[in-house]
Structure formats: structure tokens, C-alpha cells
Amino acid sequence: MSYTAFDIIGPIMIGPSSSHTAGAVRLGQMARIILNEEPAKVKMLLHGSFAETFKGHGTNLALTAGLLGMSTADERIPCANELAHEAGIEIQYISADLGDVHPNSVRFELVGRTGRQVTVTGSSVGGGKILVNEIDDFPVELTGEYNTLITVHQDQPGVLAQICSLLAATQVNIAQMRVFRDRKGAQALAVIETDEQVESAVLDLINRLHPVIQAIAAKPVA
Amino acid sequence: MTKGLTIQELVAQSEEANESLGRLTIRLQCQELETTEQELRGKMSENLQVMRHAVEEGLTGQRRSASGLVGGDAKRLEDRRRTGKTVGGDVLARTISRALAVAEVNAGMGKIVAAPTAGSCGILPGVLLTTAEEVGASEEQLVEALFAAAGVGIVIATAASISGAQGGCQAECGAAACMAAVAAVELAGGSPRQAADAGAIALKSMLGLVCDPVAGLVEVPCVKRNAIAAANALAAAEMALAEIESKIPLDEVIWAMNQIGNVMPCGLKETAQGGLAITPTALNLKETFLK
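Parameters and conventions
Residues numbered from 1 in each chain as written. Chains lettered and ligands numbered in written order. Predicted model: local features only at pLDDT ≥ 70, side-chain atom pairs only at ≥ 80, totals over all residues. Helix = DSSP H or I, 4+ residues; strand = E, 2+ residues; numbered from the N terminus. Rg over C-alpha atoms; globule rule 2.2 N^0.38 Å. Buried ≥ 20, exposed ≤ 12 C-beta atoms within 10 Å, placed from the backbone. Contact = placed C-beta atoms within 7 Å. Nonpolar A, V, L, I, M, F, W, Y, C, P; charged D, E, K, R; others polar. Pairing = 2+ DSSP bridges. Expected span 1.5 Å × (residues − 1). Axes fitted to C-alpha atoms, helices over the stretch in contact; angles between N-to-C directions.

Notes on the overall build of chain B
Moving on, step 1. Broken down by element type, chain B carries 13 helices and 1 strand.
Moving on, step 2. Helices and strands in chain B line up, N terminus first, as α-α-α-α-α-β-α-α-α-α-α-α-α-α.
Moving on, step 3. Taking 19 Å as the expected radius of gyration for a compact globule of 291 residues, we find that chain B reaches 18 Å, a close match to that expectation.
Moving on, step 4. Put simply, chain B has 291 residues, and 59% of those count as buried.
Moving on, step 5. Contacts in chain B between residues at least 24 apart in sequence constitute 78% of all its contacts with a sequence separation of at least 6.

Structure, rendered in C-alpha cells:
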């Protein structure tokens, strides 16, 4: 692992803990991005150390702040519950055993304004770094450190080739790419981490590809 | 012994180019991050402003942590200092009240700069801002001193760890004390070698420190350890500036810290399963708080 001066002096963040507060904000951000619309109802299942110390570390507030789109340095984090209430978002925190996962883990069960539903599970793995490890039933590995394109598509030949050609045509370089599926011919999920941001026009084109059910582009979490 | 640059190499490069560790770090980071010196200085200057605000806010004593265990101590110390009554003198009192202030703001969900972590965020601002007043340092020198601290912090993070869960408190407050001692020597116009000696002396004196937070919160003993680590850094800088050398070079002290962290039991590494965290009082506090 390599460090820069600003990994050592920084980030600017709301305390008290990089893993329980800053990482939690980032997990909330990722959940909001993956839902891909305004949340209406969110149930958060807190596991391990997240469940035990969330009150003292403000982990619940941080998760909700992230869902509201706040960054790790946003001074409104302590008021996240009130702000979610004002925004008409129903929030529930529940202590839960998520099984054999990292001690700082959370599962979001999200329902969006239009009724779209998604389940996102992730962990805060230290120093504010995060790892999303499950989207619905797909096991994934998503750090949020890169520009990320997430697609849900029919598992059939040529889909990824089409997506990659659109990225190539617009000079977007792929850093990492992984594809997950439950079984052959069913739905598949791809996580494509890129050096450049995927422009909204390109995202529209990807969304229009026939086998693509939904494509989401996320910027690195802040 | 270490991956990447060693402290010895950093000091040698500084001496060869006849520049401070701070300026050297800026130069190296410009290359690594492919950016300009102006951009880097600007970004570090923002960190410095957030540190200043956190000090100011903490000294008002308004902010309390969610558990109620932390808050108001920085103000208590500052109020007493203002009466002119101190046993350790004004500089020490200012240093530790500022370190407490920032650590209290952190515990109370205020805005801070992780330096290198949130749990150890008070040490560098306490030492740096107070030393700057004493030696009349410019804004530019303060930013350079922060880069010197960052340069040394990079070596610690790479060769050992800056995470309490991996290395205990020595990896957080110890690393911060080391970085603060380096920064203080640079601010006071000491040589790169003296800065490294100060860092070594500060870190040596924090070796073995475990991470045993009451109820798992970044409050007790973390906040007061920030103050003590800041005082330690100041003492180390004072010694190094008087040409007192560390008999063990900083690279080897960092190696020792890593070795100690590796053999430290898990219960003493941020799990709240040992040390102060399992004293009767701590267990009582935990129970009261979780109700």
C-alpha cells in the first residue's frame, strides 16, 4: 500500500473515528448511488462493532448522512437523523448478526421513491476505507475509490464487449473489472472501475443497450 | 527493513540538497502526485485552517461527546493557564490545552484533520501551533512543517502501521508524537538530522502503548493521551535541538514499533477487551452508557 502526504495529514473529517464515522459516511454514499434514486425507506442492519458502538461513534448518523449525499467532512452529520426526517426518508437502525463478515459491517435494505428496491452490504475496513461486498444477492468487491460503472444485464454473449467499446470510444480506461452472475443465462452484474469518469451521454448509451437492465455510474466517494 | 524510502534516505537527500525535510517532502510529492507545489501547499494550508478552527472551538468547551465522558477539559486548562498559574510553564500549558481541544472536538463529532488518525488528531496541532508562536514562524513555514511531519508519517505507515487495530496506540499517538517532534524541530530551524532524532526520541518513549478504549469509544483514555503525547513531542524536540542524539536511529525505532505491534495481543488493539477497557469503572461506564 502506498501513502501520500494527504493520507497522513488528512482527511478533513467529522470525528470521532475514521472507520466508524468517515467509513460509515462512505458506505451510506455508496448505498445511495447503487439505489440510483431518492431513498424513501431505509433499514440498516448493523453488525459487530458497528452494532455495539454505533451510539458513541455516531455510526448511525454517519450512515444516514452518506445516504443523504453528505461527504465525510460535512458538519451536518450529527443532525443526519433530523435531516432525513425532514426529507421524508423513513430510517430504521437494527442490530443484527450478518454472519461471517468484517466486524464493522452494515446491510442496507433500501426502497426508493419509485419503489425500486436494493440490498447493499458493505464493511468499513479501516482508515475510512470501505468495501461493498454484496449488491442484492451478487457478491461484489467495490471500494468506491475509483469512478465506477455498475451494470445489471442479461447474461448473454457480447454485452461486456459492447459496454467496453463505448468506454473505449470515449477514452475511458478500465482499471479493474469483475462480472458476477447467479447462473448461466440469468442476470449478471458487472463492476467496472475506471480511471476517467463515465460521461452521462455514454451512460445513456449503455443504458439503451438491449440486454442492459440498468447501468449506474458513480464518482469516487468523498 | 523498510519498503519505500527510509528516514535515513530522506535525511541524506535533505542534507545533499541543503533543504528542510518539509521542502524535500513537497518536492517528492509533486513528482508522485503529478501536481504543482502551489497546489500541494494550498491543500495543506486548508488542513492547517481546519486544525486552527478545531483548536478554537475546543477551547470554548461547548462540545460534548455523545457518552458525556468527554468535553470541557481543554477550557478548564486554558482558564487556569490564563491566571498565570502553571507548574510546567505557559508553553506546555498552551500545547496540551490545544491538543485536548482538538481531541475533544473529534470526540464530539466536530470537524478535524486526521493526523495521522482521528484518534490522535490533537497532537500535531497542539505542538505545531504553539511552537510556531514561540519561534515566530510564518504561514509558509507552518505548511512546510506539516509536510515534514507527513513525510515521516509516510515512512511509519509504510514500514509499520498507523492503525490502533494493527499496532496499538503507539501506532496512532506514538506516530503523531514522532511527527509532531519532527515538525517542531523544523519550525525551530533545526537540521533534518535533529528532526529525525527528535522523532526517534518521541516515538521511543511511546513504544508498547496499547489501544484500550473504554466502551470502544475514541474518548477515554484517547483524549488525554493526545495531551501527553504532545508534551512528549515537545520534550523530544527540546532535546534534539540541544544536539542530544537518539542512540537508536528513527528507522530502527519504527521497526521496533512494528515488531511490538505484531506481538501485541489482540485484546489490546482497539478491541476494548483488555487494559483500561476492562477495569471495573470502565465496565460500569460502558453499561451506563449503553442503557
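Anyway, onward from the coordinates.
Here we look at the overall build of chain A
Moving on, step 1. The helix and strand inventory of chain A stands at 7 helices and 11 strands.
Moving on, step 2. The C-alpha radius of gyration of chain A comes to 17 Å, within 12% of the 17 Å expected for a compact globule of 222 residues.
Moving on, step 3. Overall, chain A is about 50 × 40 × 35 Å in size when its C-alpha atoms are taken along their principal axes.
Moving on, step 4. The burial tally for chain A puts 45% of its 222 residues in the buried class.
Moving on, step 5. If you take every contact in chain A between residues at least 6 apart in sequence, the share linking residues at least 24 apart comes to 67%.

Focus on the interface of chain A and chain B
Accessible area lost upon the coming together of the parts serves often as the stated size of an interface.
Moving on, step 1. Each partner contributes to the interface: chain A provides 28 residues, whereas chain B provides 39 residues.
Moving on, step 2. Ranked by residue count, the leading element in the side of chain A that touches chain B is helix α3 (residues 48-57) of chain A, at 6 residues.
Moving on, step 3. Its residues assigned to classes, the side of chain A that touches chain B comprises 13 nonpolar, 12 polar and 3 charged.
Moving on, step 4. One ladder, built from 3 bridges, connects strand β1 (residues 12-14) of chain A with strand β1 (residues 111-113) of chain B; its direction is antiparallel. Residue pairing in the sheet places Ile14(A) in a bridge with Lys111(B) of β1(B).

Focus on the environment of Asn36(A)
Residue and element names in this part refer to chain A.
Moving on, step 1. The topology assignment puts Asn 36 in the loop between α2 (18-35) and β2 (39-47).
Moving on, step 2. Of the residues examined, Asn 36 has 17 C-beta atoms within 10 Å and is grouped as partly exposed.
Moving on, step 3. On a C-alpha basis, the gap between Asn 36 and Ala 217 in space is 9.2 Å, while along the polypeptide they are 181 residues apart.
Moving on, step 4. If we skip the residues at most four places from it in the chain, Asn 36 touches Gln 214 and Ile 216.

Observations concerning helix α9 (residues 169-187) of chain B
Residue and element names in this part refer to chain B.
Moving on, step 1. In this model α9 runs 26 Å from its N-terminal to its C-terminal C-alpha over 19 residues, within 8% of the 27 Å that 1.5 Å per residue would give.
Moving on, step 2. With respect to burial, α9 is a largely interior element, 19 of its 19 residues being buried.
Moving on, step 3. Positive phi shows up at Gly 189, right after α9, with a value of about 85°.

Points about the pairing of strand β4 (residues 104-112) of chain A
Residues and elements named next belong to chain A.
Moving on, step 1. Summarising the sheet, β2 and β4 pair through 8 bridges and their orientation is antiparallel. Paired with Leu 45 across the bridge in β4 is Arg 107.
Moving on, step 2. Across 7 bridges, β4 lies against strand β5 (residues 117-126) in antiparallel orientation. Looking at the pairing, Leu 110 lines up with Val 118 of β5.
Moving on, step 3. Counting the residues between successive antiparallel strands, the hairpin from β4 to β5 contains 4 residues, one of them, Gly 115, with a positive phi of roughly 95°.

Considering the sheet that holds strand β6 (residues 129-135) of chain A
Residue and element names in this part refer to chain A.
Moving on, step 1. An order of β3-β2-β4-β5-β6-β7 is seen for the 6 strands of this open sheet, with the pairing classed as mixed. Each end of this open sheet is capped by a strand with a single partner; those strands are β3 (90-95) and β7 (138-142). Along the sheet, successive strands turn relative to each other by an average axial angle of 20°, direction set aside.
Moving on, step 2. Relative to the sheet, α2 contacts β2, β4, β5, β6 and β7, its axis offset from that of β5 by approximately 155°.

Structural measurements only, silent on function.
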